[in-house]
Amino acid sequence: MRAGIISLGCAKNLVDTEVMLGILMENGVQITPNPAEADILIINTCAFIASAKEEGITTILNFAEYKEEFNCRALIVAGCLGQRYQQELLDEMPEVDAIIGTAAWHRIMEAVEESLKGRRVILIGDKEKIYDSKTPRLRTTPDYTAYVKIAEGCDHACAFCAIPLIRGKQISRPIEDIVEEVERLAEEGVKEINLIAQDTTNYGRDIYGKPRLADLLRELVKIEKIFWFRIMYAYPQTFTDELIDLIATEEKICKYIDLPLQHADNAVLKRMHRPDTRESIEKLLKKIREKIPGVSIRSTFMVGYPGETDEEFQNLKNFVEEQRLDKVGVFVYSPEEDTPAYEMDGQILEDVAQERYHELMSIQSLISQEINEQLEGKEFDVLIEGRDAEVPEVVEGRSYREAPDVDGQIYIENDNRSKPGDIVRVKVLAGFAYDLAAEKV
C-alpha cells in the first residue's frame, strides 16, 4: 500500500505532516511523491485565514479526482481545516473519507484502515497533542535543515486569530526531549535547526511556571554538529533581556529576530487585544539593535483590521518607514468566525484593504532594497541550498539573515564546486529588494 501526502500552510503544520509520514512508514506503508501512484491521499490543511481555507478546499477537490482517474481508494483530510470544520467537510464533501483533527495525527493509521473498509470517520482528539523525540518522523526538508516544534497551541487571545480555537492552549515539550531530538538530527547531518511554536518566547511557561527558551537554547548550543539555531515566531511581550543577551553572545544562535507585531497604532493594537504598544515595541527594537550588532529583524503586519482609519494606517506606515525593518510580510485581515473581531463594527472594504496592502509592501520593498544595498562589500557565511536551474555556475544559499521559505536568497556567482549543505564564505556584490548577489571569498 502506498500513500501520498500534501502539506499546506506553515512550518508547524509541516512538522505534523512529517510525523504522520513517519507513523505510516513504521506501519509498512510506502510513501510516494507521485499522487497518481498512491492508494491513500492525505491533505494536511491550514485554516488560519480565508485564502488558506480556500486553498485547502481547492486542493481537496483537485485530488478527489484521483479517486476516479488513478489508484486512490481513500482521501483523508487532516490539520486545521479538518479540526475546525470536521462535520461540515464530511457532510458537504462526499469525496472525503476521513477527517483527522490537529490533536489526532497519531491516529493516521486508524484513519487509513477505516477508510479502506468503506467507513467515513472523524478522528478528533479531546486535548492537543505534541510529538516527542521518540515519535517516528520522516523529514521532507533538505538533509541539512530541519524544523523542531518546541510547543503546540497558544495562550494569547488576539481578537482576530482562530488558532487557539483550533489548537488549544500552549503545551511545551520538556527541554531534555527537545535536546534528544536535536542530537539525533545532528547525527543525521542536519546543520540548521529552526525552532518553531505558535509563540516560541513563551516556551515552557506551562510546564516550568515561566518561559524558559533561553535555558533551552543554552542546552542546544552544546550540540557540536549543529551550525545554526534560528528562532521563529517570537512575541515582543516575552522577549526578555536574558534572551537578547544570549543571542548577542552565542555564535550558534542566528542574529535573526522574527517578531510578529501585527500593527503599530495603539488603538488598533488595543482592538486586536494585543498587549503591546507602539512605545513598548520601539523600546524593544532599540534594545535589540543596540545589544545585537548586525541583527536582521523580520515582522508581519495586518492591514484592513476592523475600524482601521486612514490615520491609523498612516501611523503604521510611519512606523515602518521609521523603524526600517530588514524584512516585512503584510497580509490583509481575514474575518474568522467565532473570533471577537468577526463581530466588530467598521469592517473594511476589500478594495481599501488591498490598496493598503500594496502601499505598505511598496514602502517596505524600497526599504529592503536600501538595506540590502548597504550590505554590498560585506562578508557572510552562507548555507548552500542548490544550483540555479538556468545558470548552473550560480548556486543559491542563505546566510543567518534569511530564514527558509519566507525570505530571499543569496546567489553566488562562478561557483562550480559547492553543493547543498556546504557552508561557504561569500562577499556581497549587489543588493536587491529581496535577494543578494555574491561571490565566494
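Residues numbered from 1 in each chain as written. Predicted model: local features only at pLDDT ≥ 70, side-chain atom pairs only at ≥ 80, totals over all residues. Heavy atoms only, no water.

Digging into the packing of helix α1 (residues 11-26) against helix α6 (residues 108-116)
Cut-off, in case you're wondering: For every element, the axis is a line fit to its C-alpha atoms; helices are fit only across the contacting stretch, and the angle between N-to-C directions ranges from 0 to 180 degrees. To qualify as a helix, a DSSP run of H or I must reach at least 4 residues; to qualify as a strand, a run of E must reach at least 2; elements of each kind are numbered from the N terminus. Note on definitions: a residue-residue contact is assigned when non-hydrogen atoms from the two residues lie within 4.5 Å. Side-chain classes are defined by residue name, with Ala, Val, Leu, Ile, Met, Phe, Trp, Tyr, Cys and Pro counting as nonpolar, Asp, Glu, Lys and Arg as charged, and the others, Gly among them, as polar.
Direction vectors running N to C along α1 and α6 enclose 65°, while the axes themselves pass 9 Å from each other. Packed against α1, whose contacting residues are M20, I23 and L24, the element α6 presents I108, M109 and V112 at the interface. When the residues that make up the contact of α1 with α6 are grouped by side-chain class, the tally is six nonpolar, no polar and no charged.

Some details on the pairing of strand β3 (residues 40-45)
Inclusion rule: The rule is simple: take the accessible area with a 1.4 Å probe, protein chains only, and divide by the maximum for that residue type; under 20% is buried, over 50% is exposed, in between is partly exposed. Strands qualify as paired when DSSP identifies two bridges or more between them.
Summarising burial for β3: six of the six residues are buried, a large majority. The alternating pattern of β3 places I40, I42 and N44 and L41, I43 and T45 on opposite faces, both of which are buried. Pairing between β3 and strand β4 (residues 74-79): six bridges, direction parallel. Within the sheet, the bridge partner assigned to I40 lies in β4 and is A74.

Some remarks on the environment of I5
By secondary structure assignment, the location of I5 is in strand β1 (residues 2-7). Sequence spacing of I5 and L41 is 36 residues, and the spatial spacing of their C-alpha atoms is 5.7 Å. Beyond its immediate sequence surroundings of up to four residues, I5 is in contact with T17, M20, L21 and I42.

Some thoughts on helix α11 (residues 241-249)
Put simply, the rule is: This arc describes the spread of directions from the helix axis toward the C-beta atoms.
Those residues of α11 that fall on the buried side of the exposure criterion are L243, I244, L246 and I247. The arc that holds the buried residues of α11, viewed along the axis, is 165°, so those residues lie on one side.

Observations concerning the sheet that holds strand β6 (residues 121-123)
A sheet is described by the order of its strands in space; here six strands give the open sequence β2-β1-β3-β4-β5-β6, paired in parallel fashion. The outermost strands of the open sheet, each flanked by one partner alone, are β2 (30-31) and β6. Two elements, β1 and β3, share five bridges in a ladder whose sense is parallel. Bridge assignment links A3 to a residue of β3, and that residue is I40. Of the strands in this sheet, β1, β3 and β4 are in contact with helix α2 (residues 50-64), which crosses β3 at around 175°. Strands in contact with α6 are β3, β4, β5 (98-100) and β6; relative to β4, the strand with the most contacts, it is inclined by about 150°.

Observations regarding empty space enclosed by the protein
The test is simple: Buriedness for pockets is judged along seven lines, at least five of which must meet protein on both sides within 12 Å for an open set on the 1 Å grid over protein atoms alone, while cavities are sets there where a 1.4 Å probe fits but cannot get out, and lining residues have an atom within 4 Å of a point. Grid points are joined across faces, edges and corners, and a volume is the space filled by probe spheres set on the points.
Within this structure, the stated rule accounts for two cavities of 30 Å³ or more. Computed from the structure, the largest cavity encloses a volume of approximately 50 Å³. In terms of lining, the largest cavity is formed by F48, I49, F160, M302, F331, V332, Y333, S334 and E336. Of the residues assigned to the lining of the largest cavity, the class counts are seven nonpolar, one polar and one charged.

Here's the deal with the sheet that holds strand β12 (residues 256-258)
Read from one edge of the open sheet, three strands run β12-β13-β14, paired in parallel fashion. One side of each edge strand has no neighbouring strand; the edge strands of this open sheet are β12 and β14 (327-332). Each strand axis lies, on average, 15° off the axis of its neighbour in the sheet, ignoring direction.

Comments concerning the layout of surface pockets
Here the largest pocket is characterised by a volume of approximately 1200 Å³. Residue assignment for the lining of the largest pocket shows that the elements contributing at least two residues are α1, α2, α7 (163-167), β13 (296-303) and β14. Of the residues forming the lining of the largest pocket, the biggest block, four residues, is contributed by α1. Classifying every residue of the lining of the largest pocket by side-chain character gives 25 nonpolar, nine polar and eight charged. Of the pockets and cavities examined, the second largest pocket occupies roughly 280 Å³. For the lining of the second largest pocket, the secondary structure elements donating two or more residues are α2, β14 and α15 (350-373). Sorting elements by how many residues they give to the lining of the second largest pocket places α15 first, with four residues.

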